[in-house]
Amino acid sequence: MALTGYSWLLLSATFLNVGAEISITLEPAQPSEGDNVTLVVHGLSGELLAYSWYAGPTLSVSYLVASYIVSTGDETPGPAHTGREAVRPDGSLDIQGILPRHSGTYILQTFNRQLQTEVGYGHVQVHEILAQPTVLANSTALVERRDTLRLMCSSPSPTAEVRWFFNGGALPVALRLGLSPDGRVLARHGIRREEAGAYQCEVWNPVSVSRSEPINLTVYFGPERVAILQDSTTRTGCTIKVDFNMSLTLWCVSRSCPEPEYVWTFNGQALKNGQDHLNISSMTAAQEGTYTCIAKNTKTLLSGSASVVVKLSAAAVATMIVPVPTKPTEGQDVTLTVQGYPKDLLVYAWYRGPASEPNRLLSQLPSGTWIAGPAHTGREVGFPNCSLLVQKLNLTDTGRYTLKTVTVQGKTETLEVELQVAPLG
């Protein structure tokens, strides 16, 4: 009597022999998606009549892949046949272009002429070729010690293993502590500046590996350690002494991300300077005082400051007169600039020629107002710092000018300067 594949199923329920010696191995041992795979059968004994293969945990008809009659070579597909399976004469099972859905338990059932049956078990794990994952971030710009970093490794392969990389290397210990149990989420509370950089995740299985593009994290911090430098030397809290009429550049530095905004003040008054440095081009007594740099971080909303005191050096105390411009021409204005004038000044007077009353151009009183003298032409103006402005020069203005100062202590000093007015043309 000829038996079909489904008839053998009915017999197997009655004559099952649990003492099977059949073993099944997989070639290749770790198949990847698309491979041609063979479940190779070992340990078959006796004269066999038929084989039945099942793709499932039990000998259920719903799991039947195919039945094979040895004598005729006839193969009958079952409900679980996918169109890729074929039974060999030796009982092995070929699967062409295997897919991840072919993973699972496989059972071989054999029948001999005594209508006895044996079974063997095999397992197939198909590893897919992994697509490139993507790192998703709650934000790529965070504030140090305030914000939380949350990264997720997004991959269409839920069974793949995940590992993370920081700047191309292993994660620091503090970051590894923030990994979720499945390794797909990385969380870091109170992010630190040293954790700014490039993050990548990698998915892998025994036959495939794929790494994401890097995602770059910026961590804002500061400003910290705000300081004022002069010639690369920190001068914060110091007194800087500068020679008269010499230049000075102060630099404001700090540790901050991003670079802070800068505000300079002089004796508490804001200066129109938004740069990281401040230039004093020509040092005079009027520029003595306290200079403060305030650094403000627009991301962290924090600020810091540093101050220095700038004074004229002792060698700069001597008073001198400098015409500005130094070589004026007819029709121009000239300022006889007084540098290093006495700080305890009481009164001063300017003279056209020697210091005598008929030659007096003007005088400044202790009240700060000045009055014209006998030699005043209506073109001369006095300033609190003793300087004298002569407007619309003519050739007769050439000659000697004398300044006489008197301090609160009664000390008198007389200085002279020669003014040369060049003709037009």
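This one's a predicted model, so the numbers in the text were calculated from it and none came from an experiment.

**With respect to the state of the cysteines**
Inference 1: All told, the structure shown has 2 disulfides when counted by the stated rule.
Inference 2: Through a disulfide, C153 is tied to C201; the S-S separation comes to 2.0 Å. Here the disulfide of C153 and C201 is right-handed, its torsion about the S-S bond being about 70°. Of this pair, C153 sits in strand β12 (residues 149-154) while C201 sits in strand β15 (residues 197-205), placing them 48 residues apart in sequence.
Inference 3: A sulfur-sulfur separation of 1.9 Å characterises the disulfide bridge that pairs C252 with C293. Across the S-S bond linking C252 and C293, the dihedral sits near -85°, which makes this disulfide left-handed. With C252 in strand β20 (residues 248-257) and C293 in strand β24 (residues 289-296), this pair connects stretches of sequence that are 41 residues apart. Exposure class is identical for C252 and C293. Each is buried.
Inference 4: Of note for the chain: the bonded cysteines, numbered N- to C-terminal, pair according to 1-2, 3-4.

**Details of the pairing of strand β1 (residues 23-27)**
Inference 1: Only one face of β1 is covered, namely the one carrying I24 and L26; the face carrying S23, T25 and E27 has none of its residues buried.
Inference 2: Taken together, the 5 bridges between β1 and strand β2 (residues 37-42) define a ladder with antiparallel strand orientation. The partner of T25 across the bridge, within β2, is V40.

**What to know about the packing of aromatic side chains**
Within a pair of aromatic rings, the relevant descriptors are the distance that separates the centres and the angle that separates the planes.
Inference 1: Inspection of the entire model under this criterion finds 3 aromatic pairs.
Inference 2: Note on Y51 and Y68: the rings are 5.9 Å apart at their centroids and 15° apart in plane angle, and the pair reads as stacked. Pair noted here: Y51 is in strand β3 (residues 48-55) and Y68 is in strand β4 (residues 64-69), with a separation of 17 residues, a long-range link.
Inference 3: The exposure class of Y68 is buried, given its relative accessible area of 8%.

**Here's the deal with the domain arrangement of the chain**
Inference 1: According to the domain assignment, the chain consists of domain 1 (23-124), domain 2 (134-213), domain 3 (224-312) and domain 4 (320-419).
Inference 2: The C-alpha-based centres of domain 2 and domain 3 are spaced at 42 Å.

**Here's the deal with the sheet that holds strand β33 (residues 399-407)**
Inference 1: In space, the 5 strands of this open sheet follow the order β30-β29-β28-β33-β34, with antiparallel pairing throughout. Across the chains shown, the open sheet's two edge strands, defined by having one partner strand only, are β30 (370-372) and β34 (412-419). On average, each strand axis in the sheet is inclined to that of its neighbour by 15°, with strand direction left out of account.
Inference 2: Strand direction decides the pairing type here: strand β28 (residues 345-352) and β33, joined by 7 bridges, are antiparallel. Bridge pairing in β33 places L345 opposite T407.

**Things to note about the UniProt feature "domain: Ig-like" (unreviewed entry) in the chain**
Inference 1: If you check UniProt for "domain: Ig-like" (unreviewed entry), the listed places come out as residues 133-218 and 223-309 in our numbering.
Inference 2: Structurally, residues 133-218 is divided into 5% helix and 47% strand, and its ends, taken at the C-alpha atoms, are 22 Å apart.
Inference 3: The span residues 223-309 is 0% helix and 59% strand, and its two end C-alpha atoms sit 22 Å from each other.

**Overview of the nonpolar core**
Nonpolar side chains in soluble globular proteins tend to end up buried together.
Inference 1: Counting residues in each nonpolar core, the largest one holds 22 residues, and the members touching the most others are I228, L248, L250, W264, Y291, V308 and V310.
Inference 2: With 4 residues, the top contributor of residues to this core is strand β25 (residues 303-312).
Inference 3: When neighbours within four sequence positions are excluded, V310 is seen to be in contact with I240, V242, L248, L250, M283, Q287, E288, G289 and Y291.
Inference 4: Formed by 21 residues, the second largest nonpolar core is a distinct cluster that contains I22, V37, L48 and Y68.

**Examining the sheet that holds strand β6 (residues 85-87)**
Inference 1: An order of β1-β2-β7-β6 is seen for the 4 strands of this open sheet, with the pairing classed as antiparallel. Of all the strands in the sheet, just β1 and β6 have a single pairing partner and so form its edges. Strand-to-strand twist across the sheet, computed as the mean angle between neighbouring axes with direction ignored, equals 20°.
Inference 2: Sheet analysis places β6 next to strand β7 (residues 93-95), joined by 3 bridges and oriented antiparallel. Along β7, the bridge assignment pairs A86 with D94.

**Some points on the environment of L142**
Inference 1: Of note, L142 is situated in strand β11 (residues 141-143).
Inference 2: Placed 77 residues apart in sequence, L142 and V219 show a C-alpha to C-alpha distance of 5.0 Å.
Inference 3: Discounting chain neighbours no more than four positions away, the residues touching L142 are D147, T148, L149, I191, L217, T218, V219 and Y220.

**Description of the confidence of the model for the chain**
Inference 1: Looking at the chain as a whole, its pLDDT mean stands at 89, while 94% of the residues score no less than 70.
Inference 2: Confidence scores differ between elements of the chain, with helix α1 (residues 5-15) showing the lowest mean pLDDT of 37 and strand β10 (residues 134-137) the highest of 98.
Inference 3: Confidence over residues 1-20 falls short of pLDDT 50; this stretch has 34 contacts with residues more than four positions distant or in other chains.

Rules and cut-offs
Residues numbered from 1 in each chain as written. Predicted model: local features only at pLDDT ≥ 70, side-chain atom pairs only at ≥ 80, totals over all residues. Heavy atoms only, no water. Disulfide = S-S within 2.5 Å. Helix = DSSP H or I, 4+ residues; strand = E, 2+ residues; numbered from the N terminus. Buried < 20%, exposed > 50% of the residue type's maximum accessible area, 1.4 Å probe, protein only. Pairing = 2+ DSSP bridges. Phe/Tyr/Trp six-rings, centres within 6.5 Å; stacked < 30°, edge-to-face > 60°. Domains from an automatic or database assignment. Axes fitted to C-alpha atoms, helices over the stretch in contact; angles between N-to-C directions. UniProt positions renumbered as here; feature names shortened; annotations may be inferred. Core = buried A, V, L, I, M, F, W, Y, C linked by side-chain atoms within 4.5 Å. Contact = heavy atoms within 4.5 Å. pLDDT = per-residue confidence, 0-100.

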